[in-house]
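Coordinates in review
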There are 2 protein chains.
Amino acid sequence: MAGQEAAPRWRCDVLPGDREAVRRLTQSTGVFHPFEIDVAVELVDERLARGPSSGYEFLFAEENGEAVGYACFGPIALTQGSYDLYWIAVAKDRQGCGLGRMLLSESERLIAAAGGRQVYIETSGRDVYEPTRQFYLRCGYRIAAVLGDFYAAGDDKVIFVKAIRPSAAEGSARRA
Amino acid sequence: MAGQEAAPRWRCDVLPGDREAVRRLTQSTGVFHPFEIDVAVELVDERLARGPSSGYEFLFAEENGEAVGYACFGPIALTQGSYDLYWIAVAKDRQGCGLGRMLLSESERLIAAAGGRQVYIETSGRDVYEPTRQFYLRCGYRIAAVLGDFYAAGDDKVIFVKAIRPSAAEGSARRA
């Protein structure tokens, strides 16, 4: 793959068809449990039902009218400027092209434009998530904490964090 | 105060009047922001509306028919056996008598009876929470992580954890 990829088309509004898009994307990665995929889809439902007050923002990367990756993030309740990145997934056959990095970078830009100070990402300490953890480290995140046996016995939670600079609202995704 | 106190009457079912009880108890402590108190009350609403599927369990300590303290806890989504203690509060004029310790101990017993392996408590690193943090340490919790500037600039999140032993369902509160 050539290092330089054209940016995909970004979309922030959430449509009913995104339920299936999110299911397809998360399934294609092969790392999520079925019950985790159900939760990913439930967040789409929450967003469709309650709008921005759901606390869930979405960013879809589209190529030829099809979602090839997405991120879901939102402000953490009871905090000023701390955001959680809840989900990020790139279609299996589109991985390795820098799309994940672009999704994360664009999400951070939107979060900064909304006044965010820092982004948290929680993931598993299991071996299957090692490439995921390396990805976050390459993207400028650091490990803030490891909670042993959090998800289950032998399955730790690793909390990543990245400080970002709040900026004026000029996220390119909003202009797409 | 004498060290030995009689156990209060425990109550696990949640009643409409508990909205005001929770507001009164959390306000009386003097440490919670108004928007935090609103969230505490919202959890009662969630429980009243959705029952156990809300994910919020309550434990009230009653004396002479009045709630003098309460705890709210529940299983953490996507985990096997990890629980969050969301709230614990004792009426200002009943503090210092061991009621908080009894509430926490009884909550842990109920969590263990439900199959919980460990209990997490998140609190603020602000000075006003120093007695709270000392209380958790005295009750056998350890600091698992500190997330800097989590709640706001200069306001860290401190995550406590305690491993508990899952037990057969015999919580005394269920029999009270």
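See the structure above.
Just so we're clear, the structure is a prediction, and the values are computed from it rather than from any experiment.

1. Brief notes about the overall build of chain A
What chain A contains, in helices and strands, is 5 helices and 7 strands. Ordered by position from the N terminus, the helices and strands of chain A form the series β-α-α-β-β-β-α-β-α-β-β-α. For chain A, whose C-alpha radius of gyration is 15 Å, the value lies close to the compact-globule estimate of 16 Å for 176 residues. Dimensions of chain A along its principal axes, counting C-alpha atoms only, are 45 × 40 × 35 Å. Within chain A, buried positions represent 51% of all 176 residues. Look at the contacts in chain A between residues 6 or more apart in sequence, and 61% of them connect residues 24 or more apart.

2. Notes on the interface of chain B and chain A
At the interface, 21 residues of chain B touch 21 residues of chain A. Of the roughly 1700 Å² buried between chain B and chain A on both sides combined, carbon and sulfur atoms contribute 66%. If you look at where chain B meets chain A, you find 0 salt bridges. At the surface where chain B touches chain A, the tally comes to 10 residue pairs in polar contact (both at pLDDT 80 or more). Here the element with the most residues in the side of chain B that touches chain A is strand 6 (residues 142-152) of chain B; it accounts for 8 residues. Here the residues of the side of chain B that touches chain A are counted per class, giving 13 nonpolar, 5 polar and 3 charged.

3. Some remarks on the relation of the copies chain B and chain A
For the pair chain B and chain A, the relating rotation is 180°, the translation along its axis is 0.0 Å, and the fit reaches an RMSD of 0.0 Å. Here the transformation between the copies is reduced to the relation of a two-fold axis. Within chain B, Ala145(B) has its C-alpha nearest the rotation axis, a separation of 2.8 Å.

4. Regarding the packing of aromatic side chains
Counted under the stated rule, the structure contains 22 aromatic pairs over all chains. Consider the rings of Phe150(A) and Tyr151(A), whose centres lie 5.1 Å apart with planes at 85°: the pair is edge-to-face. Residue classification places Tyr151(A) among the buried positions, given a relative accessible area of 16%. Put simply, the rings of Phe135(A), Tyr136(A), Tyr141(A) and Phe160(A) pair up and form one aromatic cluster. Positioned above the aromatic ring of Phe150(B) is the side chain of Lys157(B), whose terminal nitrogen or guanidinium carbon lies 4.0 Å from the ring centre.

5. Overview of the side chain of Glu106(A)
Residues and elements named next belong to chain A. Inspection of the secondary structure puts Glu-106 in helix 3 (residues 99-113). Take Glu-106: its relative accessible area is 2%, and that puts it in the buried class. A polar atom in the side chain of Glu-106 sits 2.9 Å from the side chain of Arg-109.

The rules we used
- The written sequence of each chain sets the order in which its residues are numbered from 1.
- Each chain takes a letter, starting from A, and each ligand takes a number, starting from 1, following the order in which they are written.
- At least 70 in pLDDT is required for a residue's local features to be given in this predicted model, at least 80 for side-chain atom pairs to be given and counted, and no such filter applies to totals for whole chains, interfaces and linings, which use all residues.
- Side-chain measures were taken over the full set of non-hydrogen atoms in the model, leaving aside hydrogen atoms and water.
- Only DSSP runs of H or I reaching four residues or more are called helices, and only runs of E reaching two or more are called strands; each is numbered from the N terminus.
- This radius of gyration counts C-alpha atoms alone. The globule rule is 2.2 Å times how many residues there are, raised to the power 0.38.
- With a 1.4 Å probe rolled over the protein chains alone, any residue whose accessible area is under 20% of its type maximum counts as buried; one over 50% counts as exposed, and the rest are partly exposed.
- Throughout, a contact is declared for two residues whenever any of their heavy atoms are within 4.5 Å.
- Throughout, buried area stands for the accessible area (probe radius 1.4 Å) lost by two parts on being put together, summed over both.
- Any Lys or Arg side-chain nitrogen found within 4 Å of a carboxyl oxygen on Asp or Glu counts as a salt bridge.
- Side-chain atoms alone can form a polar contact between residues adjacent in sequence; in general such a contact is a pair of N or O atoms within 3.5 Å, and within protein one must be able to donate a hydrogen while the other accepts it.
- Three residue categories are used. Nonpolar comprises Ala, Val, Leu, Ile, Met, Phe, Trp, Tyr, Cys and Pro, charged comprises Asp, Glu, Lys and Arg, and polar comprises the others, including Gly.
- Least-squares superposition of the copies uses the C-alpha atoms of those residues scoring a pLDDT of at least 70 in each of them.
- Planes of paired rings set the category: under 30 degrees apart is stacked, over 60 is edge-to-face and the rest tilted, where pairs are Phe, Tyr or Trp rings (Trp by its six-membered ring) whose centres lie within 6.5 Å.
- Whether a charge lies above a ring is judged from NZ of Lys or CZ of Arg, which has to be within 6 Å of the ring centre and within 35 degrees of the ring normal.

Geometric values such as these leave the question of function open.
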